[in-house]
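Listed below are the residues making up each chain.
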Amino acid sequence: MTEQYDPGRPNLLDRWNGHQAWLDARLAASVDPYFKTTLGKIGPVGTTRMRDGMVRGGVNFASQDYLSLSGHPAIAEAAKQAVDRFGVHSAGSPALMGNSILSVELEQRLAGFLGYDDCTVFATGWAAGYGVIKTLVRPHDYIVIDMLAHASLQEGARNATRNVFSVPHLSNAAVATRVERLRRERPDVGILVVTETVFSMDSDVPDIADLVDICRRLGVTLLVDAAHDIGAIGATGRGFLERQGMVGRPDVLMGSFSKTFASNGGFVASNHAALKLALRTSCGPLTFSNALSPVQAAIVLAAMDIVEADEGRRRRMRLLENATRLRNGLQSAGFELKGEPSAIVPAVLGGTALSRLATRHALEAGALVNLVEHPAVSMNTCRWRLQVMADHSLRQIDDMVGIAALARQKAAGDLHRSDAELDAATRSVGA
Ligand SMILES: Cc1ncc(COP(=O)(O)O)c(C=O)c1O
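These numbers were taken from a predicted model, which means no experiment stands behind them.

Draft legend 1. Main features of the environment of Val88. Relative to the helices and strands, Val88 resides in the loop between helix 2 (73-86) and helix 3 (101-114). Val88 gets classed as exposed once you look at its relative accessible area, which sits at 61%. The sequence separation of Val88 and Gln296 amounts to 208 residues, and the corresponding C-alpha distance is 9.2 Å. Contacts of Val88, omitting those with residues within four sequence positions, involve Val83, Ser293 and Val295.

The structure is reproduced here in structure tokens:
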């Protein structure tokens, strides 16, 4: 999108005019599927308003509510009680008096759940990832980061030091080679390795056990982002770390509440006692930003009650069954699916034009979807990042598959027609 940004203009605001014109032209052609506004509660079915005011509704695979806790009555009740007891606002940074007894209780409970001594909560997951990297790494240090790690981690890394090495996706061998070389050449610097438990555009999973071994052997620190699987994956909800027998093993674990825990917010957990106060005093997005509100803390605590109960286990099973059914259905309809079953189902559409048209047809036909385009993903792998909920019914999943297949077929027809029209126009000009 920033290709339309003009850095050459001296007026900083005017630089964005081309970007605006480009997005408005897309909107006029009904191929701007971004900035949608939900008009009601988040759930398996939804209604949204597009940027031009057009209202679209239908099966909802565009929201992150993996265990369907957003509309859960126990969570709504916990939020109401927190408002009555604490009001609606944290009213201060955690470094001063912004924490409530609920946020402190949440930090202790999360630490135990995640298998660490300490945990610190943030107002967003973005702040947690960006902030912990900036706190740990100084300009003379080095970062080795998976090339597809989330933007919060990439930006944190690049703002912490110029010494950032981006390594091929999921390649532990590339991490080992790079870190061995750095350790040989620069034995005196700090090195942070950064990855995710499940990647948010590809739903694929690194070998964390191997990465932990590499980092231990070479004496470097490993940070892992578990935003998309904590609470939602694994027999007890401890994510792919649990699946790999690695709970509590990465040096630093961070994550978000915004996918599974029905709230905004994020966390950083570790066994290093000094990190907690370091974050309080020296992490911009925590020190100089108001704390998670008591309402959000109460929501996450109530969500944890469910995640840790048998209800949570049942919801995780339904989520995985739903994700598998959606993957199988789309695969049978000829879509390429990336990664492995998780709440994220990346269905590849291909080139930019086809993917935009297919998204328009899907929205018109009653499926709420999010399109991820190049350069967020590599060329010709534009995709829908479908997000599954525990409460999606089999019927809703099958509807999504049917709409997806039809939308892609219609988009291919549109492209074929416009190619033919272009050919005819060229021939008539030539004649
Ligand atoms: C992998 C990953 N990390 C971090 C974040 C940021 O989380 P939050 O939405 O809580 O700011 C996201 C959310 O988009 C994410 O996908």
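Now, onward.
Draft legend 2. Summary view of the domain arrangement of the protein chain. Along its sequence, the protein chain is organised into domain 1 (29-60 + 310-430) and domain 2 (73-308). Together domain 1 and domain 2 conceal approximately 1,500 Å² of surface at their shared face, both sides included; 53% is due to carbon and sulfur atoms. Interface area lost by domain 1 to domain 2 is led by Arg316, Glu340 and Ile344, which between them contribute 37%. Seen at the junction of domain 1 and domain 2, the total is one salt bridge. A salt bridge links Arg383 to Asp202; the nearest nitrogen and oxygen atoms lie 3.4 Å apart. Only helix 12 (310-332), strand 12 (344-350) and strand 15 (382-387) provide two or more residues apiece to the side of domain 1 that touches domain 2. For the side of domain 1 that touches domain 2, the element with the highest residue contribution is helix 12, accounting for eight residues. In the side of domain 1 that touches domain 2, the residues fall into seven nonpolar, four polar and nine charged.

Draft legend 3. Spotlight on the pattern of salt bridges. According to the stated counting rule, one finds 24 salt bridges in the structure shown. The shortest N-O distance in the salt bridge between Asp310 and Arg314 comes to 3.0 Å. Separated by four residues within a single helix, Asp310 and Arg314 lie in helix 12, roughly one turn from each other. A salt bridge links Arg417 to Asp414, with the nearest nitrogen and oxygen atoms 2.7 Å apart. Of the two residues, Arg417 and Asp414 are both situated in helix 14 (residues 394-430); the distance of three residues between them amounts to about one turn of the helix. Using a relative accessible area of 19% as the deciding quantity, one classes Asp414 as buried.

Draft legend 4. Region of interest: the packing of aromatic side chains. Scanning the entire structure with this criterion turns up five aromatic pairs. For the pair Tyr5 and Trp16, a centre-to-centre distance of 4.4 Å together with 50° between the ring planes defines the contact as tilted. Of this pair, Tyr5 sits in the segment before helix 1 (17-28) while Trp16 sits in the segment before helix 1, and the two are 11 residues apart along the sequence. Residue Tyr5 is classed as partly exposed on the basis of its relative accessible area of 24%. Pairwise contacts between aromatic rings join Phe257, Phe261 and Phe267 into one cluster. Stacked on the ring of Phe165, the Lys or Arg Arg178 has its end atom at 3.8 Å from the ring centre. One Lys or Arg, Arg408, reaches over the ring of Phe335 and ends 4.0 Å from the middle of that ring.

Draft legend 5. Main features of the packing of helix 4 (residues 125-136) against helix 9 (residues 273-282). One way to put it is that helix 4 packs onto helix 9 with a least axis distance of 10 Å and a crossing angle of 100°. As the angle between them shows, helix 4 and helix 9 are arranged roughly perpendicular. For the pair formed by helix 4 and helix 9, the contact residues are Val132, Thr135 and Leu136 on the first element and Leu275, Ala278, Leu279 and Ser282 on the second. Across the contact of helix 4 with helix 9, the residue classes break down as five nonpolar, two polar and no charged.

Draft legend 6. Highlighting the site of the ligand. Residues in close proximity to the ligand total 14 residues, the closest being Gly125, Asp225, His228, Ser256 and Lys259. At a separation of 3.3 Å, an oxygen atom of the ligand approaches a polar side-chain atom of His150. Side-chain polar atom of His228 to an oxygen atom of the ligand: 2.6 Å apart, as the coordinates give it. Summarising the interface, the protein chains cover 84% of the accessible area of the ligand, which totals 390 Å² for the free molecule. In the shell around the ligand, the residues fall into two nonpolar, nine polar and three charged.

Draft legend 7. View of the sheet that holds strand 11 (residues 336-337). Across the sheet, four strands lie side by side as 11-12-15-14; this open sheet has antiparallel pairing. Taken across any chain shown, the strands that pair with only one partner, and hence form the sheet edges, are strand 11 and strand 14 (371-372). Pairing analysis gives six bridges linking strand 12 to strand 15, with the strands arranged antiparallel. Residue pairing in the sheet places Ile344 in a bridge with Gln387 of strand 15. The strands touched by helix 12 within the sheet are strand 11, strand 12 and strand 15, with strand 12 carrying the most contacts at an inclination of about 15°.

Draft legend 8. Up close: the nonpolar core. Counting residues in each nonpolar core, the largest one holds 94 residues, and the members touching the most others are Leu106, Leu114, Leu326, Leu330 and Trp384. The element contributing the most residues to this core is helix 11 (residues 294-308), with 11 residues. A domain split of this core shows at least three residues from each of domain 1 (29-60 + 310-430) and domain 2 (73-308). Setting aside its immediate chain neighbours within four residues, Leu330 contacts Phe335, Leu337, Val345, Ala347, Leu386, Val401 and Ala404. Counting 23 residues, the second-largest nonpolar core is a separate cluster that includes Ala127, Ile145, Val252 and Cys283.

Draft legend 9. Representation of helix 6 (residues 172-185) in the model. With 14 residues, helix 6 extends 20 Å between its outermost C-alpha atoms, agreeing within 8% with the 20 Å of an ideal straight helix rising 1.5 Å per residue. Along helix 6, the positions that sit buried rather than exposed are Asn172, Val175, Ala176, Val179, Leu182 and Arg183. The buried residues of helix 6 occupy one face: seen down the axis, they fall within an arc of 140°. Within helix 6, the exposed residues directed more than 90 degrees away from the buried face are Ala173, Thr177 and Arg184. Looking at the buried residues of helix 6, the elements they touch are strand 5 (142-146), strand 6 (164-167), strand 7 (191-196) and helix 7 (208-218).

Rules of the game
Residues numbered from 1 in each chain as written. Predicted model: local features only at pLDDT ≥ 70, side-chain atom pairs only at ≥ 80, totals over all residues. Heavy atoms only, no water. Helix = DSSP H or I, 4+ residues; strand = E, 2+ residues; numbered from the N terminus. Buried < 20%, exposed > 50% of the residue type's maximum accessible area, 1.4 Å probe, protein only. Contact = heavy atoms within 4.5 Å. Domains from an automatic or database assignment. Buried area = accessible area lost by both parts, 1.4 Å probe. Salt bridge = Lys/Arg side-chain N within 4 Å of Asp/Glu carboxyl O. Nonpolar A, V, L, I, M, F, W, Y, C, P; charged D, E, K, R; others polar. Phe/Tyr/Trp six-rings, centres within 6.5 Å; stacked < 30°, edge-to-face > 60°. Lys NZ or Arg CZ within 6 Å of the ring centre and 35° of its normal. Axes fitted to C-alpha atoms, helices over the stretch in contact; angles between N-to-C directions. Parallel < 35°, antiparallel > 145°, perpendicular 65-115°, else oblique. Near = heavy atom within 4 Å. Polar contact = N/O pair within 3.5 Å; in protein donor to acceptor, adjacent residues only side chain to side chain. Areas by Shrake-Rupley, 256 points an atom, 1.4 Å probe, with all protein chains shown as cover. Pairing = 2+ DSSP bridges. Core = buried A, V, L, I, M, F, W, Y, C linked by side-chain atoms within 4.5 Å. Expected span 1.5 Å × (residues − 1). Arc of directions from axis to C-beta.

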